[in-house]
Amino acid sequence: MDCPALQLHTMAFGAKKCRLRHSGRKLDMCTSEATASLLQVEETFLASLARIDALILKPLLQAEPSDQKGKENLKLFLLLNDRFQALWNLTEENYRVLKQKSSSSESLCTQDISIVWKGDLFLSLYIQYFVTFANYVVVHGFEHATKSKSDSWKHHKTILKQFLTDFTSETSMALALYTVLHKPIRDHIQQYVVLLTKLKEVLQEGSERDVVTSAIKEYMKLESFISQVLDEACFTKSLWKSLGYKFTDMLCVPERRLLEDSKNLPISASTNRSDRILLFDDVLVVIQGNSFQSFDLKLVWVDENCKEKSAAGQYGLNIITPEETFFLSAKDPQMKAVWQWKLNQAVRQAINGKRDFPLWGKTGEGTGPPAHRFFTYVFRLDGKFKSATYEGEWHWGKPHGKGTLKWRDGRNHVGDFKEGLEHGFGICLVPRRSEDRYDCYKCHWHQGKMRGYGICEYGNDMVYKGYFKDNVRQGFGILENLSAEHPFKYTGQWENDKKNGYGVWEDKDRGERYIGTWLDDHRHGQGIVVTQSGVCYQRTFHADKMVGKLSFANGFILEGTFTNKSGQGLQTHGILNTSNEQLEERITKAQLGLEEFPVEKRWKGIYDQFLEFIHSGCKEETEESFMGFHIQTSKELRKSQEYLFCQRGTEDVSWKIEDILEELVQHQGPEALQSYLEKALKSSLHPLGKLLKALMIAFQATYSGIGANRHLLTMAQEEVKYYAKKIWEFYQGLLHLALEQKGQQPLKCGDGETSDQKVCSVVLPLILPCFYPELFMLYMLYHEREDDLYCQGIVDLSLFPDIKLLEFLDVQKHLWPLKDLTLTTNQRRSLIKDKCFLSATECLQKLITTVDPREKLVILQKTYEEIESTVSRVVEKDYKLPMDDLLPLLMYVVSRAKIQHLGAEIHLIRDLMDPTHQGGLYDFLLTALESCYEHIQRMRLHQRENCHGNHSS
């Protein structure tokens, strides 16, 4: 049993004692006489300790109590005996060293006197002994001991009575034992004080005298401490004697001390039924009739602002505990003030884990207990946390800050709390019934409910990453089944924990993807189905069943509902028309979903979260709720149920919301804005970067893999444009908020630029690389037939040497750069290839090195300039190419550049280029490139037709 009272005492020997260690000054004859006196005192004390040990301690230790209370008291008495033996051993050592030194020829030094030099050890042992002694007194230890029926005790009882008469004339054996086990030891301490005082008088001024003076003060403080400890023990013992067994059995603890009693200092609880208020050093007890309530002082707050006089003319204190709040009412302000002071000091000392010294002195007065605390508590009353154990931070009676909640059924919540509820980031484990698995929610909470971004790893191998509101999935989210059986992935809108609105479902087992609208977890409304084999069709769905017409190769038409379940084939319910109607001609380039899924209605959940973040004022508490996080998996979490402060974020946290808003204001100019947006969009820690990342996930879920189907090109292309528009809108929303907080007005677009122009010229080029792989794949698929014809034409043209190709393309001879055809041995000019207009060819080949339509147009312009430069060099003068000359020359360069998927490149540029370039040089050059591309296709078609004609003839 550790002794908390060890912390009561602070030694003051200090540096003076350390300096004395090296001084070694010899003591004079008077000091030697004081030492002799000390030897005599120690010898007498040791003899007294030996008698006490033989006649009292050993007989009591041999007792064998039969009742539980007696067994508990015996354990405490064993500890008291250990403290006694430690004191005895230390005193013997002191006596032995002193006697050895005094009998030798060497003179004594101050450090030879152990009660000075080892004073801290002496004091700590005395404190331990008397605290344990007081604990034994509190539980009526001596009364129980004298009632022992053991033979050993009866045998010594007669001798003991004779021994005890030396100390007390009282007839009570218990009181005699109490006296003999503390009075000789207290008297011995007083003798130390007397002897050290004499020693001090014979010492001259200096370090030795100062050390002895400090030792005297410490032993005098020890005397005061012992007196107060024993007074408190007797006060508490009297309380237990006055209360019934029902209270003492549950409340009486050896270490517990009564600090105040409402019978001595009147006060009553607000229930008006309280018989008594008891303030202990660790708990506050309210007794009501035959029952009582006990409140741990570590979780008691005393409201000092309750100054109003009640209707009954009493003065109250508001007592706040984790589950109850009540008033203590006093009759006058003085009584209230005393109770308030005593309560606050008791609470402060309980939290600190040590009592003040002196016990009721002025130490610590004026320093009230902290409002913020850390403690463990088990909730008992009905409510959300019933039977849960909370370990964490508190503020005014409520969980507030970091904490952990654990329920008996295995539920576990670790995270942030505010005013008694989960609020902020938290992780919640919920065990699944009849399974050794957990659902793990890693989410943001608002006033006790999940709200904002979260990750849920369900015990059935499904994972949800997305937004919550009021404990259900709400807004944009991704649900994925990771198990080997029936793997799937849903990316889209959620309402009230169900798939509702626009979303994409991928069934990996069947190799099928559904893009469209949902209602209550079912495909409902217009939807597009794309299969692994490349089939793509659009139909109307009703509660997961397809409604429409199905045409067969023989001309039959089945009209009704269709259900395609895994492993069961196509199930139908409808009417079969066998009239063999003429089927409509298949349109291979039909674009799906254009009218049914307006682009502004797609991915509404993503935009709504951003709008909510802006409308909240981008407050710090909502920032991570919107932005999301990266944390460890639930498997790692379950390995350790201790405090969990997750690693959130994989980047250097350089973006704080206040910094973001400040930088927005500072980067409004054209160049600064471009640079700022580029940096912001690359960081997932910036709101705009977070938005872009979410849109990338949605785009890839729709158009990558199975979704790479040419019928979805227009949907994808308009979606990317709309992304740029929304990002610009949200940038302006953030900017307006930042300026509003500064009381400023936003700058207008320079040079007459509109928002639409900013979207095309600034935002779209920045975000296009994020969507380019999927988007360009759709362009390649859409223009696959034309690109195949073009590539075949390029192969044919590549067989021509330079001169033959220039001649074939009708390039005027005076524009041929023949000087570039450098001959080597055994070469003829007519056989040289890939030498003419080489600089222009190499320039055009760079078209595939960038994804930005603006940069592609710049490359096209430079290609034109290289062609013109070469021609000017050939004709030896500045030469502006007319269209008749440009087209054959450009066709020559295109044929030599051999750019794959040129049709996809041209159409991507045309669809995504800045509208301000229409009608200008860029538009002219792009039109020229388109003409070359189409001419090469037609050239190949013409050759095929000629081949077919010759073959038939």
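Whatever comes next refers back to the structure up there.
1. Quick look at helix α19 (residues 713-742)
Here's step 1: The end-to-end C-alpha distance of α19 is 44 Å, a good match for the 44 Å that 30 residues give at a rise of 1.5 Å each.
Here's step 2: Where α19 terminates, the next one or two residues include G743, which has phi positive at roughly 70 degrees.

2. Section: the pairing of strand β7 (residues 315-320)
Here's step 1: Among the six residues of β7, six are classified as buried, and the element is accordingly described as predominantly covered.
Here's step 2: With burial as the criterion, each face of β7 is covered, one bearing Y315, L317 and I319 and the other bearing G316, N318 and I320.
Here's step 3: Note: strand β6 (residues 301-303) against β7, three bridges, orientation antiparallel. Paired with D303 across the strands is N318, a residue of β7.
Here's step 4: Here six bridges tie β7 to strand β8 (residues 325-330), and the two strands are oriented antiparallel to one another. If you follow N318 over to β8, its bridge partner there is F327.
Here's step 5: Taking the residues between adjacent antiparallel strands as the criterion, β7 and β8 are bridged by four residues.

3. Considering the sheet that holds β8
The strands making up a sheet associate through hydrogen bonds between their backbones, and the pairing can be parallel or antiparallel.
Here's step 1: The four strands are arranged β2-β8-β7-β6 in an open sheet whose pairing can be described as antiparallel. Two strands bound the open sheet, and with one partner strand each, they are β2 (268-269) and β6.
Here's step 2: In this fold helix α12 (residues 333-352) packs onto β6, β7 and β8, with an angle of close to 20 degrees to the strand it touches most, β7.

4. Observations concerning the side chain of Q493
Here's step 1: With respect to the element layout, Q493 can be found in strand β18 (residues 488-495).
Here's step 2: Side-chain polar atoms of Q493 contact the backbone nitrogen of G605, separated by 3.0 Å.
Here's step 3: Ignoring sequence-local partners within four residues, the contact set of Q493 consists of G475, F476, K498, K499, N500, G501, Y502, K604 and G605.

5. Notes on the packing of helix α5 (residues 119-138) against helix α10 (residues 207-242)
Here's step 1: Close contact between α5 and α10 brings their axes to 9 Å; oriented N to C, the two are set at 10 degrees. With respect to α10, the axis of α5 lies roughly parallel. Taken together, the residues of α10 that come into contact with α5 (itself represented by G119, F122, L123, Y126, I127, F130, V131, F133, A134, V137 and V138) are E218, Y219, L222, F225, I226, V229, L230, A233, T236, K237 and W240.
Here's step 2: In terms of residue class, the contact of α5 with α10 is made up of 18 nonpolar, two polar and two charged.

6. Quick word on the nonpolar core
Here's step 1: Counting residues in each nonpolar core, the largest one holds 82 residues, and the members touching the most others are I56, Y126, L181 and Y219.
Here's step 2: Apart from the residues within four sequence positions on either side, I56 is in contact with R51, L160, F163, L164, L177, V180 and L181.

7. Regarding the environment of S872
Here's step 1: When you line up the elements, S872 lands in helix α24 (residues 853-875).
Here's step 2: Each C-alpha atom, one on S872 and one on P817, is 10.0 Å from the other, the two residues being 55 residues apart in sequence.
Here's step 3: Those residues in contact with S872 that lie beyond four places of it in its chain are K877, D878 and Y879.
Here's step 4: A polar contact of 3.1 Å, which involves the side chain of S872, links it to the backbone nitrogen of Y879.

8. Description of the sheet that holds strand β5 (residues 291-296)
Here's step 1: If you trace the four strands from one edge of the open sheet to the other, you get β1-β3-β4-β5, paired in antiparallel fashion. In this open sheet, the two strands that pair with only one neighbour each are β1 (258-261) and β5. The mean angle between the axes of side-by-side strands here comes to 20 degrees, regardless of whether they run parallel or antiparallel.
Here's step 2: Strands β1 and β3 (276-280) of the sheet are contacted by α10, whose axis makes an angle of about 55 degrees with β1.
Here's step 3: Running at roughly 40 degrees to β3, α12 makes contact with β1, β3 and β4 (283-288) of the sheet.

9. Topic: the pairing of strand β11 (residues 398-406)
Here's step 1: Across six bridges, the pairing between strand β10 (residues 389-395) and β11 is antiparallel. For T389, the partnering residue across the bridge sits in β11 and is K406.
Here's step 2: From the end of β10 to the start of β11, which pair antiparallel, there are two residues, and W396 there has a positive phi angle of about 50 degrees.
Here's step 3: Where β11 and strand β12 (residues 412-418) come together, six bridges link them in antiparallel fashion. Across the sheet, the residue bridging to G401 is F417, located in β12.
Here's step 4: Taking the residues between adjacent antiparallel strands as the criterion, β11 and β12 are bridged by five residues, where G410 takes a positive phi near 100 degrees.

10. A closer look at unusual backbone geometry
Here's step 1: Residues other than glycine seldom take positive phi values, yet D461 does so here, at roughly 75 degrees.
Here's step 2: By the secondary structure assignment, D461 is in the loop between β15 (449-457) and β16 (462-469).
Here's step 3: On the basis of relative accessible area, D461 is assigned to the partly exposed category, the value being 34%.
Here's step 4: Unusually for a residue other than glycine, W603 sits at a positive phi of about 55 degrees.
Here's step 5: Mapped onto the fold, W603 is located in the loop between β25 (569-577) and α13 (604-615).
Here's step 6: For W603, a relative accessible area of 2% translates into the label buried.

The rules we used
- Residues numbered from 1 in each chain as written.
- Predicted model: local features only at pLDDT ≥ 70, side-chain atom pairs only at ≥ 80, totals over all residues.
- Heavy atoms only, no water.
- Helix = DSSP H or I, 4+ residues; strand = E, 2+ residues; numbered from the N terminus.
- Expected span 1.5 Å × (residues − 1).
- Buried < 20%, exposed > 50% of the residue type's maximum accessible area, 1.4 Å probe, protein only.
- Pairing = 2+ DSSP bridges.
- Contact = heavy atoms within 4.5 Å.
- Axes fitted to C-alpha atoms, helices over the stretch in contact; angles between N-to-C directions.
- Polar contact = N/O pair within 3.5 Å; in protein donor to acceptor, adjacent residues only side chain to side chain.
- Parallel < 35°, antiparallel > 145°, perpendicular 65-115°, else oblique.
- Nonpolar A, V, L, I, M, F, W, Y, C, P; charged D, E, K, R; others polar.
- Core = buried A, V, L, I, M, F, W, Y, C linked by side-chain atoms within 4.5 Å.

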